[in-house]
Every structure is written in structure tokens, then in C-alpha cells.
Amino acid sequence: MSCGAKLQPEWKFCGTCREPVPRDAAPGRPAIRETGTAPAADAASASDTGAAPASGTAAAPASGTAAVAEFSGPGGPGGPGASDTAEGFKKPSRKVIISVSVLLALAVAGIGAYFYIQNMIRGGAGSAESAADKLIEAVEDKDLTGFFTMLPPQERDALQRVQEAAEEQAEEHGILDAAAKVSDGDAGSGDEDGMDLSLDGIDISLGGAEPVVTEIDEHLAMIKFSSGELRVQIDPAQTTGAIRSAFEAGGDMDPIDESTPFASLGINNSGLTLMATETQGRWYISPLYSGLEFAQQFTGSSRGNVPGQPAPGSDSAADAARNAVAVLPQMVSNGSVMPLAPYLSGYEGNALYYYGGLIDSVLGGSGSDEFYLGEVAFRDGGKDGNRTKAVVENITVETEYGDRFNLTSNCIMEDGDEQMCANGSGYGLRYGGSPEPDGLSLLNSSTEWSLTTVKEDGKHKVSILDSAADWAAGWVRSLTREQALALMDLARSEDPSGDMAVGEESDVAFNSAGYAVKTLTVEEKQRVEFQGNYGKVHVYPAGSGARLATLGGNADPKELEPGDYKLVIFAGNDWSDKFAGDGSGVQYSEPVTARKYISPPRIDGSDYAYSDSIYTESNRYSTNEVQLEVPEGNDVELVVTITDLYTSSSSTSGSLILTLDGNRYQVPVNGGDAEQVIPYPADSEAETLGLELDMGGKYGSVSYSLEFVRK
């Protein structure tokens, strides 16, 4: 060079004298071509030397492909510092090139990974056939995660919210510890895995399962399993977590090995039918649609069609709920659920379009008493993702008979006077002291009645699945620890709050679940019963163990050996009445007495009064015999009552003669009611009572009753 400066291979101009660098001064550098084909020699040269292409150029592609020159950086065309000279040009370093290339590669890989992860999270499969295959694979591999990802997101997400609420409450209330405390076996329920749905000890095989897929339309397909069999093998002793707890609660730990042909699972041995639904390009196995399809086949009703154009939604959750509620009178009048379909989420609305005829037939399919809506007002409530609650503000309902009801956010008022308001708890005791939720439990558990809407294509529609899930999750969260224990039959895990003794009255304070836990001491072997305003008493060993007896109602008393016992005493109907108004803050107590049970006296084997009739004809006496039992401990006497005398003679005089323990008692018969008290022999358990009617040789008949009464 004229200036003698040292040149770098990638330079186009000398950095000292600004003279252009001859092309041959940068050996190994491929030619830059904007179009055309790169000469093979140039490409080979670059390959042989291993020299990197100069920045701003593209490495020459293989022969036959176009090479396009690209420039970047400050010296590139249009970039900062671009000029007719090399002044301001700075070539990016090799390190920058490699970094940018790596970032570009990661970006491409990241996009691919994103779509892969999205599909994994979305679950499902690319086709109905693939969905069937994945379902079989998940079942046989005991892959619970894979199984649940095959459920439609609409159903899976709703179920998951309820499950999460249950798990949160179980942890907060210590349900696992309570279960472990009363468990005889080692179910692992006291550790963090106690609520896990593990399939240890369970083997499921689908031998010869060959699903046949029938396309119904572009969003619905039928999957039928007609061949092969389902085999289930369970060793309860090898199960863990929630399943082990369920087996132990049932008390049956015998191994199970059962095979069922798929054909026998369908209607008329037609095979097991599952329905696959398509959502956003993915196919899922739907329990909802499968259940409806089974019912549709069972009833023989016809499947409907989905309209081509979906109905538009509403601009707000409140509007969506109001529009859905507004069609209820039409539904009742027509005896059909179909008017509701356009106002439901697409997934649920389609279910009505397909199976609305089935639902109508189950519900009766004909109009019933009409009612009318006045004001229907909702307000937007809380949001969670694409879900928004529509909270009831006011709904006025009037029947065709003039009855008027008004719904507010948590109360129902009749004619503006009587009202029923939610008490914030989904708990309840049924008649007789059984802790079971009833039909009003979901209403009671919510402090604000609402419907859940989902946003689809920017518009709101009501979702029955999400509404039900939110109500169910709210119900779970409304329960106190004591209420949860009672519903799960774990009340016995509580420590006793006091002692009771046979023959002594105790004041029992019932908790928010309407039960109290006490220790009962029995001094001698005896049958025990309870007296007082209570519902049921469950008797357990003092330590852990199975229930020994349930007393109350028509249950027979339990004979108990000397020792201590744990009692779980449930309240009666008075507690339930108070709980309805006060909710979980209810304060209630009642006196309850444990006492020795004495078998009642019996007449012809019955504890109740005995009734019969006796007659006589001319010159004949009619006689009856009745067996009496008076177990030890009874201090009673026998009362005989005579009624309904009939005779063909004008004379109404006569006698009913009773013989007991060799003694004769004569009860006058004179046309009116008569009563006679007869002492029962002391220390005698079994006796025969003889009865004979004497009407002085005339025809006659009388009705009588026998009853034991305490002295």
C-alpha cells in the first residue's frame, strides 16, 4: 500500500489514508452479490480457509440459490454515520455477531417452545382419533396429569377451582391430621400427600381397546369402544393417600380383580361411548357431553344441531346475566331449555343445542305454571381472568296466582313481609341429627348470590359450569372446621369437652356443626339410652376405633361393658331452627341424660297398646288369650279399656272376665266405655292373660284395648 499501513481482512478502506483496499488484499473473503448465483470457487474458497464472512454480507449459499447482500450497523446504508467514505464506519465484532445469532436461535426455539408449552397446558389432541389414543395411554400409564389434560378446559378449570378450594380448606382445618388421628391403618393421611389422588396399588388395562371415531360435525365426534375389555386390579393394602383413606373408611380391604367387556358398558351392549369436543383447534374428551350422549341414547331422543352463526354476547357481566334470566319465563311457559342456549358460553350453549331435546324430555317437556319478571338488575362483581361475576341486585317475580317474590343479593322476600336470607354457611343438619347439606345449602353459603360470566370474543356470556364451580367453591369455603369434620364423619377426632355418667343429667353445649364430644363412664354392664332434646348419639371406644353404636330415633340401645366411651352427640331440630337464622355463630345448649335402658313391657310382642274384639253367642262364651311380657326393672300395671258394645238384646248388661296369674277380674259391660286397672304380678316376666265375654246367654260383642302404664 502507498502508506504502508497494516490492513485488517475485513476493511474496505484503509484506516490511515482512506484509500480503497484492493479485493485481493483480503484473501478468503467471498464475493458479495446482491442477486445471482455465487461462484462455486468463491464458496469453496470460503469453506477451505474457514474465514468468516465480512460483516454486512451474507455467506454465499450453495450454487443455485440467490445471495442477497445485507448491511447492518453504523456503516450500513441509511444507518447513522452512513456516507460516501468510510468515516464513521465501525464493523461489529465477531462476538456481537455470535451473540445476535444465538439470540435469534433462542427466539426461534422460544417461539416453538411457547407453542409446545401452550399445547401442553391446553391439553387435548390434534384430532378426535388422537384424543382417544391419548386417553387410553393416560389410563394405562396411570398418568393422572395426562388424563386431566384430556378434559375440555371449560370442565377441567371449573373442577380445578373446586378442588383447590377443598385442598385449601383441608389444609387450614387440619382435616388430614384429624383423619390420621382416627385411622386404624397407615393410610399416610397425616402427611402432606394425604389428599393426593395416587394410583398406587391400582392397575388398569384396556385389553383389545380399538376406538371407532365418528365425526358428528367439525366440533363434535363420537368415540365408541365396542371391542376389548376393561380390567381393574386393586390391592387396597398397597394404595396410598385419599384412595387408601376411602378404603379404610369403607372397612373393606379385600383385593379386587374385575374384568368388564366394553360392549356391556353401553346401551343394549352397544359399547362404551365417549364424546370428543373441539375447542380452539384442540380435541378433548368431554364428561359432560359423554353423559348427555349416554342419556340421549338411553331415552332414544334425537340430537340437535348447532346454528352456524353464534349469538352475540353482552357488553358487561351484568347485562349477560340479565339477558339470561329474562328468558326464564319463556322457558317455563314453553317447557324447554332451548331459549337459554344463545345466552350461555359457546361450549355450554352448544351442549343445549345438541341435547336440549333430551333435557326437555327429562324435565317434562311441557309448559307449567307461568310466572312473570318485573325488575331484573345485576351489577358487575369480582373478576378472575376471563370470568366476571354478575351479582344480583334485585329480581322481582310474580306468579300467575298473584304471589310476589323479591330477590336481593342474599335474601328472598315474599310479598315484602316474610323473608329467607342466607346465613353464610352451607352446613345443615337433616331431621334426626344427620349432618348433610340440603337443597338450600348452596344458597345459604353465599353472602352474595351471583352468576359467573365468561368473556368470549370480547363479549360476556353466562357460564353454568363456572357458576356452579364458584358456588361449590364458595360452599366449601363457608364451612367451619367443625362443620367440615362432621360432614366427613371425623367429628370423633375432636377431644372430649366434658364427662357424662349414667343416670346423671349433663348440660351439653353444641358447636357450629351442632355436635358435642363427651366422655361417658359406664360403671357396670348395661344397656344405655339417652333422654333429652338431641338428634343422634354416636358411641365410639375411648381411643380410636370403629363406631360401636348410633342411638336415637328408632335405634335399639347398645349394651356397653364397664369403661369409658367417646360420645359424639348431635343436636335436634331446635338447634337447626336457630342455626338457620344465626349461621355458624349459633349458641345453643340442651340437657341430655344417659340412663340405663329398661326394655318396655310387651303385649303379643308389641311395645304399643293392643286392641281386639270379643263376642259371644247364645249359651256360648267367647274366649281370647294374650301373651304379656314385663322385663325386669319395670314397675307397671295393666289397663283394660272396653268400648263399642253391640248386642241383639235390649239388655246391655254383661261382663268381660280377665284371668291373670290365677286371679279373676270382672269388668262390667253396660253399654258405655269402661276401664279397669289390673295389677301385674311382681317379679314375673311372662304371663298369659285370659279374656272371656259373658252376656247372660245373649249374643253380643265388645271392643277392648290393653296397655301397660308405669305406676
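Above this text sits the structure in question.
Described in the following lines is the structure provided in the data block.

1. Some remarks on the overall build of the protein chain
Here's step 1: Along its length, the protein chain carries 15 helices and 34 strands.
Here's step 2: Put simply, the protein chain has 711 residues, and 38% of those count as buried.
Here's step 3: About 38000 Å² of surface is accessible on the protein chain, with carbon and sulfur atoms providing 50% of the total.

2. Topic: the state of the cysteines
Here's step 1: Summed over the entire model, instances satisfying the criterion amount to 1 disulfide.
Here's step 2: One disulfide bridge connects Cys 411 with Cys 421, the sulfur atoms lying 1.8 Å from each other. Its S-S torsion of about 110 degrees marks the bond between Cys 411 and Cys 421 as right-handed, since a negative value means left-handed. With Cys 411 in strand S11 (residues 411-414) and Cys 421 in strand S12 (residues 418-421), this residue pair connects regions lying 10 residues apart in the sequence.
Here's step 3: Among the residues examined, Cys 411 registers a relative accessible area of 11% and is labelled buried.

3. Structural notes on the packing of helix H8 (residues 287-299) against helix H11 (residues 346-363)
Here's step 1: Relative orientation of the contacting elements H8 and H11 amounts to 10 degrees, with a least axis distance of 9 Å. When the axes of H8 and H11 are compared, the pair comes out roughly parallel. On the side of H8, the interface is formed by Leu 288, Tyr 289, Leu 292, Glu 293, Ala 295, Gln 296 and Thr 299, while H11 contributes Tyr 347, Asn 350, Ala 351, Tyr 354, Tyr 355 and Leu 358.
Here's step 2: Looking at the contact of H8 with H11 residue by residue, the classes come out as 9 nonpolar, 3 polar and 1 charged.

4. Observations regarding a nonpolar patch on the surface
Here's step 1: Taken together, the side chains of Tyr 615, Tyr 646 and Tyr 699 make up a nonpolar region of the molecular surface, amounting to roughly 340 Å² of accessible area.
Here's step 2: Note that Tyr 646 resides in strand S29 (residues 636-647).

5. Looking at the packing of aromatic side chains
Here's step 1: Counted under the stated rule, the structure contains 13 aromatic pairs.
Here's step 2: Note on Tyr 427 and Phe 579: the rings are 6.1 Å apart at their centroids and 85 degrees apart in plane angle, and the pair reads as edge-to-face. Of this pair, Tyr 427 sits in the loop between S12 and strand S13 (429-430) while Phe 579 sits in helix H15 (residues 573-582), placing them 152 residues apart in sequence.
Here's step 3: By relative accessible area, Tyr 427 is classed as buried at 3%.
Here's step 4: With a relative accessible area of 4%, Phe 579 lands in the buried category.
Here's step 5: Taken together through their ring pairs, the aromatic side chains of Tyr 289, Tyr 347, Tyr 354 and Tyr 355 make up a single cluster.

6. Points about the packing of helix H5 (residues 153-173) against helix H13 (residues 464-478)
Here's step 1: Remark: H5 packs on H13, axes separated minimally by 9 Å, with the N-to-C direction vectors making an angle of 5 degrees. When the axis of H5 is compared with that of H13, the two are roughly parallel. Of H13, the residues touching H5 (which contributes Gln 154, Glu 155, Ala 158, Arg 161, Val 162, Ala 165, Ala 166, Glu 168 and Gln 169) are Leu 465, Asp 466, Ala 469, Asp 470, Ala 472, Ala 473, Val 476 and Arg 477.
Here's step 2: Residues belonging to the contact of H5 with H13 are distributed by class as follows: 9 nonpolar, 2 polar and 6 charged.

7. Digging into the sheet that holds strand S1 (residues 202-207)
Here's step 1: Taken together, the 3 strands give an open sheet; going across it, the order is S1-S4-S5, and neighbouring strands pair in antiparallel fashion. Looking at which strands have only one partner, the edges of the open sheet turn out to be S1 and strand S5 (256-261). On average, adjacent strands in this sheet sit at an angle of 10 degrees to one another, irrespective of strand direction.

Conventions and cut-offs
- Residues numbered from 1 in each chain as written.
- Predicted model: local features only at pLDDT ≥ 70, side-chain atom pairs only at ≥ 80, totals over all residues.
- Heavy atoms only, no water.
- Helix = DSSP H or I, 4+ residues; strand = E, 2+ residues; numbered from the N terminus.
- Buried < 20%, exposed > 50% of the residue type's maximum accessible area, 1.4 Å probe, protein only.
- Areas by Shrake-Rupley, 256 points an atom, 1.4 Å probe, with all protein chains shown as cover.
- Disulfide = S-S within 2.5 Å.
- Axes fitted to C-alpha atoms, helices over the stretch in contact; angles between N-to-C directions.
- Parallel < 35°, antiparallel > 145°, perpendicular 65-115°, else oblique.
- Contact = heavy atoms within 4.5 Å.
- Nonpolar A, V, L, I, M, F, W, Y, C, P; charged D, E, K, R; others polar.
- Patch = residues over 30% accessible without salt bridge, like charges linked within 9 Å, V, L, I, M, F, W, Y side chains within 5 Å.
- Salt bridge = Lys/Arg side-chain N within 4 Å of Asp/Glu carboxyl O.
- Phe/Tyr/Trp six-rings, centres within 6.5 Å; stacked < 30°, edge-to-face > 60°.
- Pairing = 2+ DSSP bridges.

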